[in-house]
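Notes for the structure review
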Amino acid sequence: MRVLIAFAAVTTATTAVAAPDAPSPILTTPEAKDVLTYARPEIARVTHVDLDLTVDFASHVIHGTAALDILAAAGAKEVILDDKNLAIFSITDAAGHTLAWSVGASDPEKGAPLTVQLGTARRIVIAYRSDPGASALGWLPPALTAGKVKPYLFSQGEAINNRSWIPTQDSPGIRQSWAAKITVPADLVAVMSAERLTPGGEPAAKGWHSYRFRMDHNVPPYLIALAVGDIDFKAIDGRTGVYAEPSTLTKDAAELSDTGKMVTTAEALYGKYRWGRYDVLVLPPSFPFGGMENPTLTFATPTIITGDKSNVDVIAHELAHSWSGNLVTNATWADSWLNEGFTTYFENRIDEALYGKERAATLADLSWDNLQRDLKTAKPDATRLHGDAGGSNGELDYNKGSTFLRTIEYTVGRARWDAYLRGYFDRHAFQPQTTAGFLADLRANLIKGDRGLETKLELDRWAYQPGLPDNAVHVKSATLAKIDATLARVDAGAPITSVDAGHWSTQEWLRFLNGLPRKQDAARLGELDRTLGLSASPNPYIRSAWLVLAIANRYDPAIPSIEQYLPSVGRMLLVVPVYRALKAVGSWGMPIAQRVYAQARGSYHPVTVGAIDRLLARKDDAAR
Ligand code: BES
Ligand code: ZN
């Protein structure tokens, strides 16, 4: 049984003045308990955050105030917030009266509990600053930007990093509306994942200006995001556009010109887009992910700008999160497949509607390859969709989760499944969700007591057991089957000059490079490299897959390419496998990894640094 608690019925104003949405319910069932927060929302919870912050590039610090609205149960004495290395100067009520507060013992990942004595206060004002090493914040010197003249800052909240720059209850089940005033140097632009109220900025103290933002919907706090830099905008259509540094904007906007169509396509599938605008911010190369679904403003890696639109599925993915993830949100990180698996499925449906069945099949077939790889290498326990309390199981969430939903689609038929999913997003809009909650909803609204269907679907096995149930649907791609035929010829000794790669998409390249036998002699590697231009490929997906193969064979001529490539890209998916490959050929690779990393480390975001530090320090690499 789901238990919804909102404490008090908050009446919604019917005046013309926009007001934040009434507080969203929280879940209090045992499986909805988030072990990665110190918050105790059943006692007192944050419902709204007002930020007034200044971004100081000289000291790599954000400072100012966060004012929090608190909804407290009867008799509540305190509110507990998450705090990761913040320096707190004072905490007061709305009238400026000091409130007592204390910070508990700190954990390197979770940070520390910040407990504030509420008294009768229901709005508290925290004066603070972030630490220069804040785990959410990437501070880039000008050299790491496209323009090379101005510095850049971006935040990455998911999963539990926003507590390093915002003192709030940093848990995906505790939704909050928010607003912000951000003051930055006058030659820089600030953008956030919310309605942008002052596109040109407003004057502040000399040499500074301010930007204001508001998010009236309740969102999980990991979706509050900020970027500051030399940022320009180009519209695609009335509600979509691209933000990027001026020198890359034209190219970025051309690559992403289908974004407006993607939004209409997504709406036709699963219901109205509820967030107003949908824009994409193309970041500098140290952005650690492919994309991040920050509401109204997807953050994207520049590695998807390959000139042929063959990686815009990343945008379809982040856009799809506007339903799966941002509307209906995993209540805890143990259920992150509800965000990522649903989104990977939805993304593929957008790809199909926009680019056709074969293109979607190519992407789905490649996900299947990755799923098979992960099922082989992961510990069985890590192959469950509903993970243990601690968090996500990496790509399995994406590919096993999407395969689960596709299997339901094929079993009940597309029309019935799509109607169900539209209803699901509506029923749970702006609310947290658990695996148990999803299965209950599915049983109530799709299966409706049909015993035969229940048996066929094997829901509990999919959700809670390791491995892959045998009803799993594998979509096969004719395009990739052709690559497999090429691979067979090459394997039988055909010259590489006979490989017709001229019009390959990134996905065909990946099937080819990852499908080559892992053992290759130097002569054949040289032939591959020369003929296909691999060491010099400007496409980072190709470059990464090639280097992994070259490294596995200790191919010395690839060393300059490794040295050039690794410091130039910070997207974990494209650099971690290269470091992992170097580590796997210890005596040849580790010295290269150490040497290149010493130079590259400073150019990566803290989350990439954390991942590679751990990888290179770990004895074995069992935990992928
Ligand atoms: N929400 C994720 C990124 C993320 C996941 C950040 C977990 C922090 C913790 C985002 O939507 C995503 O999945 N990005 C993918 C791209 C996608 C096309 C698979 C990525 O970054 O590669
Ligand atoms: Zn995602």
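Provided above is the structure to which this section pertains.
Conventions adopted
Residues numbered from 1 in each chain as written. Chains lettered and ligands numbered in written order. Predicted model: local features only at pLDDT ≥ 70, side-chain atom pairs only at ≥ 80, totals over all residues. Heavy atoms only, no water. Near = heavy atom within 4 Å. Polar contact = N/O pair within 3.5 Å; in protein donor to acceptor, adjacent residues only side chain to side chain. Areas by Shrake-Rupley, 256 points an atom, 1.4 Å probe, with all protein chains shown as cover. Helix = DSSP H or I, 4+ residues; strand = E, 2+ residues; numbered from the N terminus. Nonpolar A, V, L, I, M, F, W, Y, C, P; charged D, E, K, R; others polar. Axes fitted to C-alpha atoms, helices over the stretch in contact; angles between N-to-C directions. Parallel < 35°, antiparallel > 145°, perpendicular 65-115°, else oblique. Left-handed = near helix turned anticlockwise from the far one by under 90°. Contact = heavy atoms within 4.5 Å. Expected span 1.5 Å × (residues − 1). Buried < 20%, exposed > 50% of the residue type's maximum accessible area, 1.4 Å probe, protein only. Core = buried A, V, L, I, M, F, W, Y, C linked by side-chain atoms within 4.5 Å. Pairing = 2+ DSSP bridges.

The local shell around ligand 1 holds 14 residues, among which Glu 158, Gly 290, Glu 293, Glu 318 and Tyr 398 are the closest. In the model, a nitrogen atom of ligand 1 is placed 3.3 Å from a nitrogen or oxygen of the Gly 291 main chain. Within the side chain of His 321, one N or O atom sits 2.9 Å away from an oxygen atom of ligand 1. Protein coverage of the free-state accessible area of ligand 1, which is 530 Å², stands at 82%. Of all the elements in the fold, those that place two or more residues in the shell around ligand 1 are β21 (291–292) and α3 (313–320). The element that contributes the greatest number of residues to the shell around ligand 1 is α3, accounting for three residues. Classifying every residue of the shell around ligand 1 gives four nonpolar, five polar and five charged.

What follows covers the packing of helix α4 (residues 337–355) against helix α7 (residues 414–427). When two helices pack together, their arrangement is given by the angle between their axes and by how far apart the axes lie. Viewed as axis vectors pointing N to C, α4 and α7 meet at an angle of 125 degrees, and their least axial separation amounts to 14 Å. As summarised for this structure, α4 and α7 are arranged oblique, according to the angle between their axes. Handedness of the crossing formed by α4 with α7: left-handed. Across the interface between the two elements, Phe 342, Tyr 345, Phe 346, Arg 349 and Glu 352 of α4 pack against Arg 414, Trp 417, Asp 418, Leu 421, Tyr 424 and Phe 425 of α7. For the contact of α4 with α7, the per-class residue count stands at seven nonpolar, no polar and four charged.

Turning our eyes to something else, we now look at helix α16 (residues 572–584). With 13 residues, α16 extends 17 Å between its outermost C-alpha atoms, agreeing within 8% with the 18 Å of an ideal straight helix rising 1.5 Å per residue. Listed as buried for α16 are Met 572, Leu 574, Val 575, Val 576, Val 578, Tyr 579, Ala 581, Leu 582 and Lys 583. Where α16 is buried, its residues contact α14 (540–552), α15 (559–565), α17 (586–600) and α18 (606–617).

Once that is clear, we can look at the nonpolar core. Formed by 183 residues in total, the largest nonpolar core has its most connected members in Ile 124, Trp 417, Phe 438, Phe 512 and Tyr 579. Look past the residues within four positions of Trp 417 in its chain and what remains in contact with it is Tyr 270, Tyr 345, Leu 405, Ile 408, Glu 409, Val 412, Leu 442 and Leu 446.

Turning to the pairing of strand β5 (residues 78–83), a few remarks are in order. The element β5 is extensively covered by neighbouring structure, given that five of its six residues are classed as buried. Taken together, the six bridges between β5 and strand β8 (residues 112–117) define a ladder with antiparallel strand orientation. Its bridge partner lying in β8, Glu 78 is registered against Gln 117.

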